[in-house]
Amino acid sequence: MRNKNDEYSAKKRRRKNKWIDGGIVLLLIILSGSVLWIGTNGWSVENAVDRIQNGSKPTVDFLEIEGPSDSESTGPTKRSQENTSPSDMPSEAPLRKPEDPLIREEIQEEKSIGPAVPQKPIKPSNPTGYIKGQKLPKEPKLIKGVLLVNKQYPLPKDYAPGESAEAREAFNELAAEAVISGINLQAFSTYRSYEYQTTLYNRYVDRDGREAADRYSARPGYSEHQTGLAFDIGEVNHEKHWASNSFGDTEAAKWLAANAHRFGFILRYPKGKEEMTGYMHESWHYRYIGKDTAEQLFKRGITLEEYLGVR
Ligand SMILES: [Zn+2]
């Protein structure tokens, strides 16, 4: 039999033991936890303490490999940066994008050089060619008092002034001065009627086809010769050069090109002005426009189209 005091002290002892037992368990938990923590940090107490101080997790190395911001990382980190991270933008930046005007020019140049190499010759459908479906006008086109005839400005069918007396007189003066230089000039084709141009043009079309004929012969109504002011000039006894590119190399052609303007004539279809005039260069075709205007065009080196502001 135990008395109350014994019973009380026994209870007290049990309670004390219970506390000791709890303390041991807690200590064991803390110890094993620490061992585990150190273990996950490569068994380095130093590392484990660092992790605790920096508040980072032991798995941080894996996260760093994926992270784009860690520039000091090597191996997989670097590769992942090269592939995906925004830090490879500077390496792309020097590459010019298509919106760059220089690139655009290069692309256009490539395009124009590329498949378009076998270019077809200038067709009458080009900007200086004929206007499709255009009808002949009722009145001739006069700008600044100058009669203009080209592939956009034809003459009325019934416009038939004959050869201009003023132009003929000017040509005679010109020819007379050329003789002094030993050059014997002749105007082998001047006024051509609408009907004659029709015959001429159709003959060329029959021979070479319409497309080819359009490149060297005017359609009826579109010939400057119908004005009576156009003179095709060559040398007497040198018919082989008449209306031929070979005339351009002769002394006569050079003399004309340098002096005709003083008599009111202009070289109507100069070299390199095909886009302006709509015709290939013709070293023999001169147009009378009067001394003052001819001087101006000669000095400025411009075509009649440019002078009249239609080009
Ligand atoms: Zn001509």
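What you see is a predicted model; the values in this text were computed from it and never measured. (Residues numbered from 1 in each chain as written. Predicted model: local features only at pLDDT ≥ 70, side-chain atom pairs only at ≥ 80, totals over all residues. Heavy atoms only, no water.)

Engineer: How should I be thinking about the sheet that holds strand E5 (residues 265-267) in this particular structure?
Structural biologist: Across a sheet, strands are paired by hydrogen bonds formed along the backbone, either parallel or antiparallel in direction. With antiparallel pairing, the four strands of this open sheet are ordered in space as E3-E4-E6-E5. On the outer flanks of this sheet lie strand E3 (185-189) and E5, each paired with one strand and no other. Going across the sheet, the axis of each strand differs from the next one's by a mean of 45°, ignoring polarity. Across three bridges, the pairing between E5 and strand E6 (residues 285-288) is antiparallel. Paired with phenylalanine 265 across the two strands is tyrosine 288, which belongs to E6. (Pairing = 2+ DSSP bridges. Helix = DSSP H or I, 4+ residues; strand = E, 2+ residues; numbered from the N terminus. Axes fitted to C-alpha atoms, helices over the stretch in contact; angles between N-to-C directions.)

Engineer: It is not clear to me how the pairing of E6 should be interpreted in this structure. Could you clarify?
Structural biologist: Burial along E6 is two-sided: His285 and Arg287 facing one way and Tyr286 and Tyr288 facing the other are all buried. Two strands pair when backbone bridges link them, and strand E4 (residues 230-235) and E6 are joined in this way by three bridges, in the antiparallel orientation. Note on E6: the bridge partner recorded for aspartate 232 is histidine 285. (Buried < 20%, exposed > 50% of the residue type's maximum accessible area, 1.4 Å probe, protein only.)

Engineer: I tried to follow the nonpolar core on my own but got confused; where do I start?
Structural biologist: A general feature of soluble globular proteins is that nonpolar side chains tend to end up buried together. If you look at the biggest cluster of nonpolar residues, it comprises 26 residues, and the most contacted ones within it are Phe171, Leu174, Leu185, Leu256 and Phe265. If you list the elements that add at least two residues to this core, you get helix H7 (165-180), E3, E4, helix H10 (251-259) and E6. Examining the composition of this core, we find that six residues originate from one element, H7, more than from any other. Residues Val146, Ile289, Ile302 and Leu304 belong to the second largest nonpolar core, which totals eleven residues. (Core = buried A, V, L, I, M, F, W, Y, C linked by side-chain atoms within 4.5 Å.)

Engineer: Looking at this structure, I do not really get the coordination of the zinc ion. What am I missing?
Structural biologist: Ideal coordination angles are 109.5 degrees for a metal with four donors arranged tetrahedrally and 90 or 180 degrees for a metal with six donors arranged octahedrally. On the protein side, the zinc ion has His225 (NE2), Asp232 (OD), Asp232 (OD) and His285 (ND1) as donor atoms, found 2.1 to 2.7 Å from it. Taken together, the four donor atoms coordinating the zinc ion span angles of 52 to 153° at the metal, a pattern that classifies the geometry as irregular. Positions of the donor residues of the zinc ion along the chain correspond to the pattern H-x6-D-x52-H. (Donors = N, O, S within 2.8 Å, 3.2 Å for Na, K, Ca; no water. Tetrahedral: all angles 85-135°; square planar, octahedral: opposite > 155°, others 65-115°.)

Engineer: Would you take a moment to explain the side chain of arginine 268 for this structure?
Structural biologist: Inspection of the secondary structure puts arginine 268 in the loop between E5 and helix H11 (274-277). One polar contact links arginine 268 to glutamate 305, side chain to side chain, over a distance of 2.8 Å. The contact partners of arginine 268, leaving out residues within four places of it in the chain, are Leu148, Val149, Asn150, Glu224, Thr277, His285, Arg287, Leu304 and Glu305. (Polar contact = N/O pair within 3.5 Å; in protein donor to acceptor, adjacent residues only side chain to side chain. Contact = heavy atoms within 4.5 Å.)

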